[in-house]
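Now for the letters of each chain:
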Amino acid sequence: QKEVEQNSGPLSVPEGAIASLNCTYSDRGSQSFFWYRQYSGKSPELIMFIYSNGDKEDGRFTAQLNKASQYVSLLIRDSQPSDSATYLCAVNNFFTSGTYKYIFGTGTRLKVLA
Amino acid sequence: DAGVIQSPRHEVTEMGQEVTLRCKPISGHNSLFWYRQTMMRGLELLIYFNNNVPIDDSGMPEDRFSAKMPNASFSTLKIQPSEPRDSAVYFCASGMVTQYFGPGTRLTVL
């Protein structure tokens, strides 16, 4: 089992619809969760992070975290063609030694159809 | 701030040659990460530094890979000798909890 799993897609949604991207993780001790967006040929850029169970909203983006189910999702409302990209889920774990483990999923490719 | 700077942006070399990738992190960031990205394996963490000290190099694929961070504003990733399977995009990122990625170096080993 991969430590961070995402469906590779592509996930196709019509313009204006809600895109729902999902991610599961295996380490129950994981503490912080991130969504990055990566356009083709570009580097990943941070969209949102979430630490606590529940929802966190930022503009058209909502991150949802359920630690009991080891599940984190990203909702994109009013999807635009410019949202077409690969979305990477990342999970972070801090240790008392001062080290941390940062693991990325392989990403879900989103296509928003005009 | 200029963001994370990487050089070169593209590198084409022949098998067996030494390759050195360079990174300048964002000023004030104490942590620096080196990643490799391929279609098959996605984004893999190779090594990270905290306050210029290598903390976890368990992701370095083999002894041909080495990384240094001589000061807070510069890091290198070296591959010697390079092999075709090393072809990938190599990213440097800085930050702590949230990471800021450089533009990457696309490495092609022929």
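Parameters at a glance
Think of each chain on its own: its residues are numbered from 1, step by step along the sequence as written. Lettering of chains starts at A and numbering of ligands starts at 1, both following the order in which they are written. Note on the predicted model: pLDDT of at least 70 is required for a residue's local features to be given, and 80 or more for side-chain atom pairs to be given and counted; whole-chain, interface and lining totals, by contrast, use all residues. As a rule here, side-chain values come from all non-hydrogen atoms in the structure, and water together with hydrogens is ignored. In this description a helix means any DSSP run of H or I spanning at least four residues, a strand means any run of E spanning at least two, and both kinds are numbered starting from the N terminus. Radius of gyration here uses only the C-alpha atoms, and the compact-globule reference equals 2.2 Å multiplied by the residue count raised to the power 0.38. Only protein chains enter the calculation, and the probe is 1.4 Å; a residue is then buried if its accessible area is under 20% of its type maximum, exposed if over 50%, and partly exposed in between. Residues count as neighbours in contact if any of their non-hydrogen atoms are within 4.5 Å of one another. Only the protein chains shown count as cover for residues, with accessible areas throughout obtained via the Shrake-Rupley method and a probe of 1.4 Å. Charged residues are defined here as Lys and Arg on the positive side and Asp and Glu on the negative side; His and the ends of the chain fall outside this count. In this description, the location of a charge corresponds to atom NZ of lysine, CZ of arginine, CG of aspartate or CD of glutamate. If DSSP finds at least two bridges between two strands, the strands pair. Axis lines are fitted to C-alpha atoms, over the contacting stretch for helices. Their N-to-C directions set the angle, which ranges from 0 to 180 degrees. Throughout, disulfides are identified as pairs of cysteine sulfur atoms within 2.5 Å of each other.

Engineer: Would you mind showing me how to read the overall build of chain A here?
Structural biologist: Helix and strand content of chain A: zero helices and eleven strands. Taken from N to C terminus, the helices and strands of chain A fall in the order β-β-β-β-β-β-β-β-β-β-β. In terms of overall size, chain A behaves like a compact globule, its C-alpha atoms giving a radius of gyration of 14 Å where 114 residues would be expected to give roughly 13 Å. Referenced to the eigenvectors of the C-alpha coordinate spread, the extents of chain A come out at roughly 50 × 30 × 25 Å. A buried classification covers 41% of the 114 residues belonging to chain A. Pairs at least 24 apart in sequence give 55% of the contacts found in chain A among residues at least 6 apart. As displayed, chain A offers around 5,500 Å² of accessible surface, 49% of which is attributable to carbon and sulfur atoms. Distance from the positive charge centre (11 side chains) to the negative charge centre (10 side chains) of chain A: 5 Å.

Engineer: Honestly, the sheet that holds strand S7 (residues 65-71) of chain B in this entry has me stumped. Any pointers?
Structural biologist: Sheet strands line up and pair through hydrogen bonds in the backbone, either parallel or antiparallel. Residue and element names in this part refer to chain B. Sheet architecture is open: four strands sit in the order S1-S3-S8-S7, paired in antiparallel fashion. The open sheet has two free edges, formed respectively by strand S1 (5-7) and S7, since each of these has just one partner strand. Sheet twist, expressed as the mean angle between neighbouring strand axes with direction ignored, is 15°. Judged from the five bridges that link them, S7 and strand S8 (residues 74-79) form a sheet pairing that is antiparallel. Looking at the pairing, Phe65 lines up with Ile79 of S8.

Engineer: For this particular structure, what's the right way to read the pairing of strand S4 (residues 31-38) of chain B?
Structural biologist: For a regular strand, side chains alternate in direction, first toward one face of the sheet and then toward the other. Residues and elements named next belong to chain B. Most of S4 is tucked away, with seven of its eight residues classed as buried. Both S4 and strand S5 (residues 42-50) contribute to a ladder of eight bridges, which runs antiparallel. Residue Leu32 lies in a different strand from S5, and its bridge partner there is Phe49. Counted along the chain from S4 to the antiparallel partner S5, the turn is three residues long. Alignment of S4 against strand S9 (residues 88-95), held across six bridges, turns out to be antiparallel. Counterpart to Tyr35 in the pairing with S9 is Phe91.

Engineer: In this structure, what is going on with the state of the cysteines? I would like to understand it.
Structural biologist: Disulfide: a covalent bond formed between the sulfur atoms of two cysteine residues. For the coordinates displayed, the defined rule picks out two disulfides over all chains. Shown here is the disulfide that connects Cys23(A) with Cys89(A), its sulfur atoms set 2.1 Å apart. Negative torsions about the S-S bond denote left-handed disulfides, and the value of about -70° found for Cys23(A) with Cys89(A) makes this one left-handed. Here Cys23(A) is found in strand S3 (residues 19-25), whereas its partner Cys89(A) is found in strand S9 (residues 85-94), with 66 residues between them in sequence. Pair check on accessibility: Cys23(A) and Cys89(A) agree, each one buried. Paired by a disulfide, Cys23(B) and Cys92(B) hold their sulfur atoms 1.8 Å apart. Because the torsion about its S-S bond is -65°, the bridge between Cys23(B) and Cys92(B) counts as left-handed. On the criterion of sequence distance, the pair formed by Cys23(B) in strand S3 (residues 19-24) and Cys92(B) in strand S9 is long-range, its members being 69 residues apart. Each member of the pair, Cys23(B) together with Cys92(B), is buried.

Note that every value here comes from positions in space, so none of it alone points to a role or purpose.
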